[in-house]
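# Structure at a glance
Residues per chain, in single letters:
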2 protein chains.
Amino acid sequence: MWKPDRKNDSPLYMQIADYIEQQIISGEFPPGSLLPSERKLAEKLDVNRSTIVLAYSELRALGLIESRPGSGTRVNSTKWGTIPKQSIQWDQYLQPANAVSPKGLQKRVRDALQQDASLINLASGELNSDLSPIDEINQFMKIQKYQEMLGYNDPLGSIKLRSAVANHLQSENQIQTSNASILITSGTQQALYLICHYLLSPGDTIAIEDPSFYYSMPMFEDAGLRVFRMKLEQTDQQGETSLSSDLHQALKKNRVKMIFLNPNFQNPTGAVMSEDQKLDLLLLTNDLGIPIVEVDPFSLTAFQSKCPQPLKSSDSIGSVIYIGSLSKTVAAGLRIGWLVAPRLIVEKLAEARQLIDYGQSSLPQQVAAEFISSEHFQAHLGRLRLHLLYKRDLLIEALQLHLSELVTFEIPEGGLHLWCELHFKVSETKLLDEAIKQGVVFMPGSVFGKETGHLRFTFARPDTDKIAIGVQRFAKALHTVLQTP
Amino acid sequence: MWKPDRKNDSPLYMQIADYIEQQIISGEFPPGSLLPSERKLAEKLDVNRSTIVLAYSELRALGLIESRPGSGTRVNSTKWGTIPKQSIQWDQYLQPANAVSPKGLQKRVRDALQQDASLINLASGELNSDLSPIDEINQFMKIQKYQEMLGYNDPLGSIKLRSAVANHLQSENQIQTSNASILITSGTQQALYLICHYLLSPGDTIAIEDPSFYYSMPMFEDAGLRVFRMKLEQTDQQGETSLSSDLHQALKKNRVKMIFLNPNFQNPTGAVMSEDQKLDLLLLTNDLGIPIVEVDPFSLTAFQSKCPQPLKSSDSIGSVIYIGSLSKTVAAGLRIGWLVAPRLIVEKLAEARQLIDYGQSSLPQQVAAEFISSEHFQAHLGRLRLHLLYKRDLLIEALQLHLSELVTFEIPEGGLHLWCELHFKVSETKLLDEAIKQGVVFMPGSVFGKETGHLRFTFARPDTDKIAIGVQRFAKALHTVLQTP
Ligand SMILES: Cc1ncc(COP(=O)(O)O)c(C=O)c1O
Ligand SMILES: Cc1ncc(COP(=O)(O)O)c(C=O)c1O
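Residues numbered from 1 in each chain as written. Chains lettered and ligands numbered in written order. Predicted model: local features only at pLDDT ≥ 70, side-chain atom pairs only at ≥ 80, totals over all residues. Heavy atoms only, no water.

## Here we look at the overall build of chain A
What counts, and what does not: Runs of H or I in DSSP of at least four residues are treated as helices and runs of E of at least two as strands, each being numbered from the N terminus. Here the term buried applies to any residue with accessible area under 20% of the maximum for its type, exposed to any over 50%, and partly exposed to those in between, with areas from a 1.4 Å probe on protein chains only. Contacts are residue-level and defined by heavy atoms, with any inter-residue pair within 4.5 Å sufficient. In these tables, accessible area is a Shrake-Rupley quantity obtained with a 1.4 Å probe, and a residue counts as shielded only by the protein chains included in the view. By the counting scheme adopted, Arg and Lys are positive, Glu and Asp are negative, and His together with the chain ends is not counted. Taken as the charge centre is NZ of Lys, CZ of Arg, CG of Asp or CD of Glu, depending on the residue.
In terms of helices and strands, chain A carries 15 helices and 17 strands. Looking at the 485 residues of chain A, the share that counts as buried comes to 60%. Nonlocal contacts in chain A, meaning residues at least 24 apart in sequence, comprise 72% of its contacts between residues at least 6 apart. Accessible surface, chain A: about 19,800 Å² in total, of which carbon and sulfur atoms supply 50%. Within chain A, one finds 48 positive and 53 negative side-chain charges whose respective centroids are separated by 5 Å.

Okay, structure coming up:
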């Protein structure tokens, strides 16, 4: 990000005016296009708003831009030297603008994080860098020979990585499969995109859990899918949960074409479906002929118990599309994920992926293949589990210390997140704003489809020594909001 | 790819039967799904067809599969042990099957290359591995610290790579831009995908050159776009070419919403638009308010002359979306490309990309940033140009030796390809089949939208010492086809 140079002789406002002029001339801001508001630009460039006011007035004097009350500051489209009067109406290419980006409170969280790197981040669903195997990855990069695979890749992904994933799935997840039934993807995200756009059609209905991380993604809206919120379980008199008895009816009535699930250490709740529920669900959906998409990025994080088995490991008729990823166990920035499905499905999605990007870069594929087939991977997972458990406990301790009267939560046995229920009704927007003011961010429950009263804390993301302070700040924000009418 | 083990005591057909049984049990071939034909499977596993006949008969005896004349061999869907009778009708998820994959002769070329690695490859549009800077890349991987960027990336791509690309564009292509107007993509392919799906809408008309590499991509069909074939130039009495005078009319009449061009060393023709044509075209399209998408992966390969300037370097109102890539100058397997456009467009496409795959892997971004900002990059480009020139000349020599009476071509001054016109009418299918029989592949002209009578040879792809032999084989194939009625 360019910033004006305070040691430069030229005044800040002139530097900024020159900079914007150059961007107008190079077409980055075309004639007629909107410039950032004075307030926004001031924030971005770390200067006073009055500096931007001067810079814009300079550009106005040059005839480069014009400001109209209510419609902001725009690049001049009429007095434009040698350039033809008519220019591109880019606006028409920007419709519909909203189907692709996160909205509302999620966007607010993202913007806050972008603007202020010092916020304690209990919001982003990723590992802190101290949980990623940086040394091992550096080691592999040092010894690796990047010799083959310089041309376009195999559409399914590198055979070495697919073999490594097949072995990994067999030994860690009890999933039997073979190379030709695996597609390497750019994380689970791309696997989901491929399914939504290339196996389903606009107008199709899919079913998802409630709450679910899917609500945080504009994915389904973009693909034109209808979403049916599933109530998965019911509790009997003994307090035992079982598969909801109306589920069959509901799936049928809504003509559900696919079910999207995250059965192990679900995001955001941390819940694990029981073995019985998994088997019941498979029977039920097989009976209805509805395939399941199982997203399983967390099962290997199980803190203390055995890793829960995926649905896919009990799937003997190929009714489950299984999706995994290294994002939550190694590094999200690697963008390595995989999809396991019947052969024909994998082949179709591989073709679709060719169309989208000609396949994954061979570099991270090679590093991932080496890493997951090495002994270092197991050692890393062991350390990761201990670390996550430690961070979870720090979070719980802090919650008990500062918020025990105000929130309830289930203790997650794996994953990166903890899901809280608030005992009091508060405005999510106010709470988030106040938290940001106090220097901490969390994910409001509505981002996951819950009405107010819930929120997600990610213990994996903040620095270990910041967890308690983060919760303290959050508690302060909550108290403030509760006290203001 | 699994193959039966010839040293194993168990007979080949039993090994194959066991292997397929396991894949049926693990759901890779679901109940009711089609197995490969005996001939295809035999080819794939490198055994006699009779071995597959035996293996399938074994599986039939177990009740696992059934064969019906005319409908091939399928996994049994009725007598299926403990599995519910109803299973997933995957077929309904595979429609429409054809919009995503290459078809016809292009598919034939790809299949042939997959089946027989010994074919001389004059078809694939990529560099031979001896033209890629393998040593340099290995060097960078050795010294690099993969420290930051383990979490999710900046939606626009790594700031380091964007800065490197901005400098690169300024010094090599005379394009003025800044970080915030650059989006890193997974090659030009993904940049095109983003534009087709997120700036255009189904039913929109776009204009492309004729011939063009776009015909080889199912991209436009998948996005539901209408394609208008543009006649760009006309020749006057003096033999000078200028922009076609009906172009204005034609673009307007067809309500063209965007123009896709590859003005420098065009694929497949190798043609370079003149400076005048470029400026005329910009004036004309600005006048009509139609943006141009300029795909420019080849301009830095200019063999002897100065690199031709992109349209984008003369674009002062942001009417050109510029797309570049390292695929044709460094390595296609890296999957590093970029898109330069007005700020708002870049921001929208960055959001769309988040939705598709959460961004490019940070590893190749880091390697690419280091490489293109190092002195090694210039040295590599210098070597690449000399090498390509040498290979082009070998191809031309061979064509003159073996085909001088049969083909005409323009000599390309950059790029990877040479475009030939055949003097005789022949069936493309027959010619390709015969060439494959002789041990060589080329790209038939119809893949690029030309009726018969043209073809593309890629001199960059084959090993240097195979170019002459490849042409000789092709000549033999052509003679054979010309002699058979
Ligand atoms: C359950 C779940 N699946 C998938 C993703 C996306 O991960 P990736 O595409 O990096 O694998 C997330 C991200 O938060 C997630 O929580
Ligand atoms: C003109 C042109 N653009 C783009 C591509 C795709 O390249 P990339 O690897 O950058 O996606 C090709 C591939 O052949 C091409 O010829």
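## A look at the pattern of salt bridges
The criterion, for reference: The term salt bridge refers to a side-chain nitrogen of Lys or Arg lying within 4 Å of a carboxyl oxygen of Asp or Glu.
Under the criterion given, the structure shown has 40 salt bridges over all chains. The salt bridge involving Arg343 of chain A is made with Glu28 of chain B; its shortest N-O contact spans 3.3 Å. On the criterion of chain membership, the pair formed by Arg343 of chain A in helix α11 (residues 343–357) and Glu28 of chain B in the loop between α1 (12–25) and α2 (38–45) is interchain, its members lying in two chains. Note on accessibility: Arg343 of chain A and Glu28 of chain B belong to one class, buried. In the salt-bridge network here, residues are joined through shared partners; they are Arg392, Asp393 and Glu413 of chain A.

## Remarks on helix α5 (residues 134–143) of chain A
Listed as buried for α5 of chain A are Ile134, Glu136, Ile137, Asn138, Phe140 and Met141 of chain A. Elements in contact with the buried residues of α5 of chain A: α12 (362–373) and α13 (375–403) of chain A together with α5 (134–143) and α12 (362–373) of chain B.

## What to know about the sheet that holds strand β5 (residues 205–209) of chain B
Residues and elements named next belong to chain B. Inclusion rule: When DSSP locates at least two bridges between a pair of strands, those strands are taken to pair. To get an axis, fit a line to the C-alpha atoms, keeping to the stretch in contact for a helix; angles then go from 0 to 180 degrees between the N-to-C directions.
The sheet built from seven strands is open, its strands ordered β4-β12-β11-β10-β9-β5-β6 with mixed pairing. The open sheet is flanked by β4 (182–185) and β6 (226–230), the only strands paired with a single partner. Each strand of the sheet is rotated relative to its neighbour by a mean of 20°, with strand direction disregarded. In this structure, β5 lies alongside β6, joined through five bridges in parallel fashion. Bridge pairing in β6 places Ile208 opposite Arg229. Sheet strands in contact with helix α7 (residues 187–198) are β4, β9 (256–261), β10 (292–295), β11 (320–325) and β12 (337–340), and its direction is about 150° off that of β11.

## Digging into the sheet that holds strand β12 (residues 337–340) of chain A
Residues and elements named next belong to chain A. Reading across from one edge, β4-β12-β11-β10-β9-β5-β6 is the order of the seven strands in this open sheet, with mixed pairing throughout. At either end of the open sheet lies a strand with only one pairing partner, and these are β4 (182–185) and β6 (226–230). Here the strands of the sheet are splayed against their neighbours by 20° on average, with no regard to which way each runs.

## Thoughts on the site of ligand 1
As a reminder of what qualifies: Any residue with at least one heavy atom within 4 Å of a molecule or strand is counted as near it. Pairs of N or O atoms within 3.5 Å make up the polar contacts considered here, provided that, within protein, one atom can donate a hydrogen while the other can accept it, and that residues adjacent in sequence are counted only when both atoms are side-chain atoms.
Around ligand 1 lies a shell of 15 residues, among which Thr188, Asn267, Ser325 and Ser327 of chain A together with Tyr152 of chain B are the nearest. Within the side chain of Thr188 of chain A, a nitrogen or oxygen atom sits 2.7 Å from an oxygen atom of ligand 1. Measuring from an oxygen atom of ligand 1, one finds a side-chain N or O atom of Lys328 of chain A at 2.9 Å. Considering ligand 1 on its own, with 400 Å² of exposed area, one finds that the protein chains cover 96% of that surface.

## Brief notes about the packing of α5 of chain A against α12 of chain A
Residues and elements named next belong to chain A. Quick reminder of the rule: The handedness criterion is simple: a crossing whose near helix is rotated anticlockwise from the far helix by less than a right angle is left-handed, and one whose near helix is rotated clockwise is right-handed. In the scheme used here, Gly and all other residues not listed as nonpolar or charged are polar, with Ala, Val, Leu, Ile, Met, Phe, Trp, Tyr, Cys and Pro taken as nonpolar and Asp, Glu, Lys and Arg as charged.
Look at α5 against α12: their axes get within 10 Å of each other, and the N-to-C directions meet at 115°. Crossing of α5 over α12 shows right-handed handedness. Residues Glu136, Ile137, Phe140 and Met141 of α5 lie in contact with α12, whose contacting residues are Val367, Glu370 and Phe371. The class makeup of the residues in the contact of α5 with α12 is five nonpolar, no polar and two charged.

## Side note on the site of ligand 2
Taken together, 15 residues sit near ligand 2, with Tyr152 of chain A together with Thr188, Asn267, Ser325 and Ser327 of chain B positioned nearest. Near ligand 2, the surrounding residues belong to chains A and B. The separation between an oxygen atom of ligand 2 and a polar side-chain atom of Ser325 of chain B is 2.8 Å. Within the side chain of Ser327 of chain B, a nitrogen or oxygen atom sits 2.5 Å from an oxygen atom of ligand 2. Isolated, ligand 2 exposes 400 Å² of accessible area, and the fraction of that covered by the protein chains is 95%. For the shell around ligand 2, the element with the most residues is α7 of chain B, which contributes three residues. The residue inventory of the shell around ligand 2, partitioned by class, reads six nonpolar, seven polar and two charged.

## Observations regarding unusual backbone geometry
Following Asp210 of chain A, the chain continues into Pro211 of chain A via a peptide bond in cis, with omega recorded as 0°. For Pro211 of chain A, the position within the fold is in the loop between β5 (205–209) and α8 (219–222). Positive phi is not limited to glycine here, since Phe265 of chain B has a value of about 55°. Inspection of the secondary structure assignment puts Phe265 of chain B in the loop between β9 and α10 (275–288). Residue classification places Phe265 of chain B among the buried residues on the basis of a relative accessible area of 4%.

## With respect to the interface of chain A and chain B
Basically, it comes down to this: Reported buried area values correspond to the accessible surface (1.4 Å probe) lost by two parts on association, with both partners' losses combined.
Taken together, the contacts link 104 residues of chain A with 104 residues of chain B. Both sides together, the interface formed by chain A and chain B hides about 9,100 Å², and carbon and sulfur atoms give 58% of it. Counting every contact that joins chain A to chain B gives four salt bridges. The salt bridge involving Glu351 of chain A is made with Arg110 of chain B; its shortest N-O contact spans 2.7 Å. Between the two partners, chain A and chain B, sit 41 residue pairs in polar contact (both at pLDDT 80 or more). For the side of chain A that touches chain B, the secondary-structure elements that each account for two or more residues are α1 (12–25), α5, α7 (187–198), α8, β9 (256–261), α10 (275–288), α11 and α12 of chain A. It is α11 of chain A that provides the largest number of residues to the side of chain A that touches chain B, a total of ten residues. In the side of chain A that touches chain B, the residues fall into 52 nonpolar, 37 polar and 15 charged.

## Quick look at the relation of the copies chain A and chain B
Keep this limit in mind: Least-squares fitting of one copy onto the other uses the C-alpha atoms of those residues that reach a pLDDT of at least 70 in both copies.
The transform that puts chain A on chain B rotates by 180° and translates by 0.0 Å along the axis, for an RMSD of 0.0 Å. A rotation of that kind, with that shift, is consistent with a two-fold axis. Across chain A, the smallest distance between a C-alpha and the rotation axis is recorded for Lys142 of chain A, namely 2.0 Å.

## Topic: the packing of aromatic side chains
Residues and elements named next belong to chain A. The condition that has to hold: Each pair of aromatic rings taken from Phe, Tyr and Trp, with Trp reduced to its six-membered ring, is defined by centres within 6.5 Å and is described as stacked if the planes are under 30 degrees apart, edge-to-face if over 60, and tilted in the remaining cases.
All chains considered together, the criterion is met by 27 aromatic pairs over all chains. Ring geometry for Phe220 versus Phe260: centroids 5.3 Å apart, planes at 70°, classification edge-to-face. In this pair, Phe220 sits in helix α8 while Phe260 sits in strand β9, placing the two residues 40 residues apart along the sequence. Note on accessibility: Phe220 and Phe260 belong to one class, buried. Through pairs of rings, three or more aromatic residues link up here, namely Phe213, Tyr214, Phe220 and Phe260.

## Considerations on the confidence of the model for chain A
Stated formally: Confidence of the predictor at the level of single residues is captured by pLDDT, which takes values from 0 to 100.
Confidence in the prediction of chain A, expressed as mean pLDDT, is 91, and 97% of residues score 70 or more. The ipTM value of the predicted complex is 0.92, and its pTM value is 0.93.

## Comments concerning helix α2 (residues 38–45) of chain A
All names here are of chain A. As a reminder of what qualifies: The arc in question is formed by the directions pointing from the helix axis toward the C-beta atoms.
For α2, the full list of buried residues reads Glu38, Leu41, Ala42 and Leu45. The arc that holds the buried residues of α2, viewed along the axis, is 105°, so those residues lie on one side. Buried residues belonging to α2 abut α1 and α3 (49–61).

## Topic: the side chain of Asn262 of chain A
Mapping Asn262 of chain A onto the fold places it in the loop between β9 and α10. For Asn262 of chain A, the residues in contact, after removing those within four places along its chain, are Glu209, Phe213, Asn267, Val295, Pro297 and Phe298 of chain A.

## Describing the environment of Leu41 of chain A
In this structure, Leu41 of chain A sits in helix α2. In contact with Leu41 of chain A, not counting residues within four places along its chain, are Ile20, Pro36, Ile52 and Tyr56 of chain A.

## What about the side chain of Lys278 of chain A?
Residue and element names in this part refer to chain A. Its place among the elements puts Lys278 in helix α10. There is no salt bridge for the buried Lys278, and the closest opposite charge comes from Glu275, which lies 4.0 Å off by N-O distance. Filtering out sequence-adjacent residues up to four positions away, Lys278 remains in contact with Pro263, Asn264, Val272, Met273, Pro308, Gln309 and Leu311.

## A few points about the packing of α13 of chain A against helix α15 (residues 467–483) of chain A
Residues and elements named next belong to chain A. For clarity, the threshold we go by: Here roughly perpendicular refers to angles of 65 to 115 degrees, roughly parallel to angles under 35, roughly antiparallel to angles over 145, and oblique to all remaining angles.
Contact geometry of α13 with α15 gives a least axis separation of 9 Å together with a crossing angle of 30°. Classed by the angle they form, the pair α13 and α15 counts as roughly parallel. Helix-helix and strand crossings are classified by hand; for α13 and α15 the assignment is right-handed. Between α13, through Lys391, Leu394, Leu395, Ala398, Leu399, His402 and Leu403, and α15, the contact on the second element is made entirely by Ile467, Ala468, Val471, Gln472, Phe474, Ala475, Leu478 and His479. The residue makeup of the contact of α13 with α15, split by class, is eleven nonpolar, three polar and one charged.

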